[in-house]
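# Tertiary structure, described
Now for the letters of each chain:
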Amino acid sequence: MAGSDLLNLAVAGMNAQRSILGTIGHNISNANTEGYSRQQVVLETPPPQFSGGGYFGTGVTQQTIRRLANDYVSSQLRTDNAIFNEMDTYLGKMESVDNLLADARTGMAPGMQQFFSALQTAANDPSSLPARQLVISQGNSLVDRFHNLDQRLRAFNMEVNKQVTSLAARVTALAKSIAEMNQEVTAAVGAGQGNMPNDLLDKRDKLLKELSGYIGIQTVGQDDGSVNVLISKGQALVVGKSYNPLLTKASADNPDRLDVGLPAGVDGLQDASDNLSGGQLGGYLTFRNEVLRDAQNTLGRLALGMADGINQQHALGMDLEGRLGGLFFSDINDSIATKGRVVLDSSNLPPNDRSLNVSITDTSLLTTSDYDLDFTGPANDLYVLRRRSDNEIVSQGVISTMFPSTISVDGFTINLVAGSFQAGDHFMIQPVHRGAVNMEMAINRNQSLALAAPLRTLSSTQNRGSGALELNTVEDVSTQAFAAQSGALSPPLLIRFNSATSYDILDNSDPKAPVALIPPRTERTFLPGVENDIFSSDSGILEVRSEGALAGALNAGANNGYPAETFTISRVDTLSGSVVTQTVNTALNASARTVADQLNAVTGLSANAYTRMKVGNIVDGGSLSLELNGQLVTGLSVLALASNINNTALLTNAGIRASTDGTTLTITSEKGDDLSLIVGGGVGDSVDVTDMTGAATTVSGGSIVTEGGVLEVEMLSGMTFTSTGAGLFTSGPLPLSVFMGYTLKLNGLPQAGDTFLVDYNSRGSADNRNALMLNALQNVQQLDGKGSTYINAYSQLVENIGTRSSQIKINHEASKGLLEQSQETRDSLSGVNLDEEAAKLLEHEMAYNASAQVVTMARSLFDTLLRVVGA
Amino acid sequence: MRLSTGQVFDRGITSMQDVQGQVSRTQEQISTQRRVLTPADDPVAATHILKVNEELSQAEQYQKNLVVFNNRSKLEEVTISNVANTMQRIRELTLQAGNGSMSAADRRLLAGEIRERIEQVANLMNTRDAANEYLFSGFQGGQKPFVKDGSGNYVYLGDEGRRYLQVASETALAVSDSGKELFVDIPSSNRTFYTEASPVNTAQPAASIARVGVLDQATFDAFYPEDAVIEFRPLTESTPPGLTNFTVRNRSDNQIIGGLQNVTYASGQDIIFQGIKLRINGAPAVGDAFFVQSSDKQGMLTTMEELSLNLETLTDVPADRATLETVLNTSLVNLDNVITRLSEFQGSLGARLSTAESVESLHEDFTLVSQKALSDLQDLDYGEAISRLSMQTMVLEAAQQSFSKIATLSLFNFLR
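From a predicted model like this one, the values you see are computed outputs, not experimental measurements. (Residues numbered from 1 in each chain as written. Chains lettered and ligands numbered in written order. Predicted model: local features only at pLDDT ≥ 70, side-chain atom pairs only at ≥ 80, totals over all residues. Heavy atoms only, no water.)

## Some remarks on the interface of chain B and chain A
Heads up, the rule is: In what follows, a contact means two residues having at least one pair of non-hydrogen atoms within 4.5 Å. Each of two parts loses accessible area, computed with a 1.4 Å probe, when they are put together; buried area is these two losses added. By definition, a salt bridge exists where a carboxyl oxygen of Asp or Glu is found within 4 Å of a side-chain nitrogen of Lys or Arg. Within 3.5 Å is the distance limit for a polar contact, defined as a pair of N or O atoms, with the added protein rule that one can donate a hydrogen and the other accept it, and that residues adjacent in sequence qualify only through two side-chain atoms. The way it works is that DSSP assigns letters per residue, a run of H or I at least four long becomes a helix, a run of E at least two long becomes a strand, and they are numbered from the N terminus. Here the term charged refers only to Asp, Glu, Lys and Arg, the term nonpolar to Ala, Val, Leu, Ile, Met, Phe, Trp, Tyr, Cys and Pro, and the term polar to all other amino acids, Gly among them.
The interface is formed by 71 residues belonging to chain B together with 69 residues belonging to chain A. Contact between chain B and chain A buries roughly 5700 Å² in total, counting both sides, with carbon and sulfur atoms accounting for 49%. Broken down residue by residue, the surface that chain B buries against chain A is led by Arg2(B), Leu50(B) and Phe139(B), which jointly contribute 13%. Run the count over chain B and chain A and you get five salt bridges. Close ionic contact of Asp41(B) with Lys809(A) constitutes a salt bridge, the shortest N to O distance being 3.3 Å. Taken together, the connections running from chain B to chain A amount to 44 residue pairs in polar contact (both at pLDDT 80 or more). Considering each element in turn, the side of chain B that touches chain A owes the most residues, 12 residues, to helix 2 (residues 43–97) of chain B. Considered class by class, the residues forming the side of chain B that touches chain A number 27 nonpolar, 26 polar and 18 charged.

As structure tokens, this is what we get:
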């Protein structure tokens, strides 16, 4: 073995150790460099040389410098980093909203409480102007709270938009850097003949990690050392040395919202905002999609519900100056509000002439969702309305070609007013979104606050019975009854009891001569001792009257002569929505009372019957006698006959009574029994009988006549009533509305002659009935299909946000743990340990010294040899 | 496991930050005295807190309403009991007037006192509440309820409205009684009548009708319960034509009463029919109508006025003495009816006040329970929080100390 070999061996060893020491130095200097992976020199024993006696080792060579990193660990770290950043951003935003809603200064709950408290105070003292002013001030502050809260939520949305824009720019910049790094890495790998450019890789990994903090990414390594970056559902952000920018653009169907995505087409973008997840961008987008819209909509719905509920009740009241209550809050269906509920998609094809709006019809049915109205084609008039919250199709079909066409669902109606709706059109419908911002006070004068009810009832001092009339409800002040502008009821009513069980309702416009209402309310049945409702709360209630040829007509003989009749009644079943048809058959000669009983057995019908007969011109030829319904009534003057009838218990018990004006005897059966009169005597004896049709007949002695009664049948909205006709009813009786707009209740035990008045509540400054009704709204379940009070609806929002943010908090903790764990795994593998490097420093210094010692020894061997040769 | 130097530092910092976060949270809880700082801390409790707060604020408002209720009801109670005391005095005076030894002059003296008492009672009946509203005028708080008409008789101008105050979510208590019920609709021992002008009369200034009284009780009893309408007829119907004239009819069947058809009118003339006497003053227009409403009730002011009028006018002749006896007897019955009515209302007021009291104590109990619930939901357990805080600060100190120890360990320290 040659001496130079030994020297070579030693030099190789020294070189190797020196490069190791150099790497250790590199590690130590980069101990605190972010993203740095420690490096290690990999040594190798070169192939041995055969030399007779065996294989001699040839020293050491440096194979490569290894970077201690693991792609799997790095990729896990990026994933965890993306999730953590998403949660961190989301949580931060959630906490702000959370505090905003529950805070006493900004939340709605104290505002609502103060408003209702002010109403109570005003109810305690309805004519006090300061108390009234307080209601208006608290109303204003309630509106302010709605505005502020909505404003804050809108500000969140703007902040999200701002952040999304700047994050997209940052992502684009990083994508560009990564693409450039890819290029450098590829070049370095080529130049390094397969050796990896470790520090470049670290730098790229660091960029990738930073990117993952902004957006969730997947990476795919390539053979040439470059790495491709994918976002969303596999869309390429970086491919080799090229990249795509991440763009933002205002959404076509919602200018408040930014779409985010990669370029598509000419200056377009493919919206990926619903699919992007991870990173801060994912956090903002999730916050926007899951929380912000929902919170704004819930708030909007609450505002709409309150404004509508208070407005409706307020309109039914009377103000301090005797006028009917107007709007309290602004009309929820004013033209600005209805138009603002539709967002026209800017990508709809021209001409840009579609006009449509959305009016709220029932706030209790509103959801907090937005809706998409799409004209799906192929025909231009086919539409689909989809609810976003659950992606359900809530309505679809064909719009009518005659404008306006309407689509009604979930408590609102879309009115298509005009325009060329065509296949491909899209509209976003947001019924409640702008509810809070559109809410305004409409009332500003405290005198206009309608705390009183518009009607009052009076009982006459002369009443002998204990009956008490009260206003039950005011249903609607747009009816005829309230049409008079001058604060009067038209007409004022007089309720007069004909007997303890029967009353008339009369138009009392002229108190000296009250007249019948149109249609008449005559001989209504009163049930003593229980609450009797007068008028219906059903705005669609109709009445048909028996106006058939024979109704109330006098018939010669012992029967009323009514033929058998068949009535057909239809109604819409409230549960199934289907039309239910029912028939009622009357018997031949059935009395009006019997028919009324039959009709009262039908759901939704209420029938009232009475019979009235007038008897006059009593001519007694010597043997006149009169028998009424089998009871002999004596007397030859109308006064005597009236008194006798009224004193015949068998008749009065059956609800038959008589009255007279001195010339004519009026006999009434308040229940609608037949009135049968037998005139005894001979040809010279006679009475004149006038029936209810107005026809007068002279009935001579020895004959019998019978008069049947008449009927009024009230039917609830949507019902129809037809008859086979020719008897009591005509075949198509004309239905008349008997809806008054208010209802009354009558209690106690009134007596004949007792009267009650219903009139406008002029000067009723001390009345607080409407204030009490307004107050009651606080505890009435008005929202969510009548399942939530106002405060409930709000606390549900607080609970939802609270629950979500506590859930996010847990997820945030978990993602933080995971990130820490993968960071530890990475650091454990790639991080520099200074103690370790110090130990290695010692180790390799010693090895270097040893190799140096070999050089020394090789020299002394060589010297020894030279001395021997030279000697 | 291999640890890099960075990890050692990171771990130390992270764990110190965690503990610092906990310390600061506990500190915030202690300084705000609340366990639930945001709804996210306990969403269910947060919703409960909102609900309980609402209930508490409602209960507080109801308690305020009860104060208003008590003030007003007590004012009413005092007023009614003052009226009742005065009525007792008038009853005594009536008894005194029945004393046979009283002369007409003595009775006039009594009548003088009764007149004064009438004024006093009328003032009480026109009492106003703290908000300057008349206590007994129903809904027409701004309308003085008992005023004298053109003939000097008191008439009631209020209505029957009754105001309620909400004192609990399901309980509303009446806070007013109408003067009509209290002082006007009082059973009378004799059937009597009152008069009304039709509200749609057109004469300007309006003519007025005044009741004089029942002259012949038996005739009037036969007429009862019929009412009469006095209607001013067209001038063409009078004899000779061109004079203001009126016709009196039964209200129910329009029969003309006692031949009083197209009677020539003179303001203030006595109009007598069916045993009653009344007067119409002023210049009624054609079509104006006045109503005579027969009734078995009589207002207390009318009762007293009739009494004082009779005490003033009846002389000591035997016929007048007989009339006086009848008048005194009916007046006593009527006064007793008044006193009964007043005590009925005192009773019902008392019942309302006691309901209010029990409602109030319910609210107090409820408030107490709710505040306890609220405190359980949101308030901090100080003992627990403070021991938690000292635990956390101890951990923090330990972490800081150990970190400073570990951070200084390095092999390089020995390579010198």
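## Some remarks on the packing of aromatic side chains
Formally: Aromatic pairing here means that ring centres of Phe, Tyr or Trp (its six-membered ring) are within 6.5 Å. Orientation follows from the plane angle: under 30 degrees is stacked, over 60 is edge-to-face, and everything else is tilted. The buried label goes to any residue with under 20% of its type's maximum accessible area, the exposed label to any with over 50%, and the partly exposed label to all in between, with areas taken from a 1.4 Å probe on protein chains only. Only when the NZ atom of a Lys or the CZ atom of an Arg is both within 6 Å of the ring centre and within 35 degrees of the ring normal do we say a charge sits over the ring.
This model, assessed by the stated rule, comprises 30 aromatic pairs over all chains. Taken together, a centroid distance of 5.7 Å and an interplanar angle of 70° make the contact between Phe115(A) and Phe328(A) edge-to-face. With Phe115(A) in helix 3 (residues 108–124) and Phe328(A) in the loop between helix 6 (279–315) and helix 7 (335–340), this pair connects stretches of sequence that are 213 residues apart. Between Phe497(A) and Tyr503(A) the ring centres are 5.4 Å apart and the planes differ by 45°, which places this aromatic pair in the tilted class. Per residue, the accessibility class of Phe497(A) equals that of Tyr503(A), and both read buried. Joined through ring pairs, the aromatic side chains of Phe115(A), Phe116(A), Phe328(A) and Phe329(A) make up one cluster. One residue, Arg251(B), lies across the ring of Phe291(B), its end atom 4.1 Å from the ring centre.

## Things to note about the pairing of strand 3 (residues 164–168) of chain B
Residue and element names in this part refer to chain B. The condition is simple: Whether two strands pair comes down to DSSP finding at least two bridges between them.
Judged by how many residues are buried, strand 3 sits mostly within the fold: four of five residues are covered. Bridge count between strand 3 and strand 4 (residues 171–174): four bridges; the pairing is antiparallel. Residue pairing for strand 4: Leu165 is matched across the bridge by Leu173. Counted along the chain from strand 3 to the antiparallel partner strand 4, the turn is two residues long.

## Here's the deal with unusual backbone geometry
All names here are of chain B. The amide bond that connects Gln204 to the next residue, Pro205, takes the cis arrangement and shows omega of -5°. Considering the arrangement of structural elements, one finds Pro205 in the loop between strand 5 (187–197) and strand 6 (208–214). Cis geometry is found at the peptide bond from Thr239 to Pro240, where omega equals -10°. For Pro240, the position within the fold is in the loop between strand 7 (228–233) and strand 8 (245–250).

## Describing the sheet that holds strand 43 (residues 755–760) of chain A
All names here are of chain A. The condition that has to hold: The angle between two axes is taken between their N-to-C directions and runs from 0 to 180 degrees, where each axis is a line fitted to C-alpha atoms and a helix contributes only its stretch in contact.
Read across the open sheet, the five strands follow the order 20-43-22-23-24; overall the sheet is antiparallel. Across the chains shown, the open sheet's two edge strands, defined by having one partner strand only, are strand 20 (455–459) and strand 24 (515–525). Here the average twist between neighbouring strands, direction ignored, is 20°.

## Examining the packing of helix 2 (residues 71–102) of chain A against helix 6 of chain A
All names here are of chain A. The line we're drawing: To sort the angles, those under 35 degrees are grouped as roughly parallel, those over 145 as roughly antiparallel, those from 65 to 115 as roughly perpendicular, and the leftovers as oblique. Handedness of a helix crossing follows the sense of rotation of the near helix relative to the far helix, less than a right angle counterclockwise being left-handed and clockwise being right-handed.
Close contact between helix 2 and helix 6 brings their axes to 7 Å; oriented N to C, the two are set at 40°. When the interaxial angle is binned, helix 2 and helix 6 end up oblique. The interaxial crossing formed by helix 2 with helix 6 has right-handed handedness. In contact with Ala82, Asn85, Glu86, Thr89, Tyr90, Lys93, Met94 and Val97 of helix 2, helix 6 contributes Gly279, Gln280, Gly282, Gly283, Tyr284, Thr286, Phe287, Glu290 and Val291. In terms of residue class, the contact of helix 2 with helix 6 is made up of seven nonpolar, seven polar and three charged.

## Description of the confidence of the model for chain A
For clarity, the cut-off: Every residue is assigned a pLDDT by the predictor, reflecting its confidence on a scale from 0 to 100.
Summarising the model, chain A shows a mean pLDDT of 89, and 99% of its residues fall at 70 or more. Per-element averaging of pLDDT across chain A places strand 11 (residues 268–271) of chain A at the bottom with 82 and strand 8 (residues 242–243) of chain A at the top with 94.

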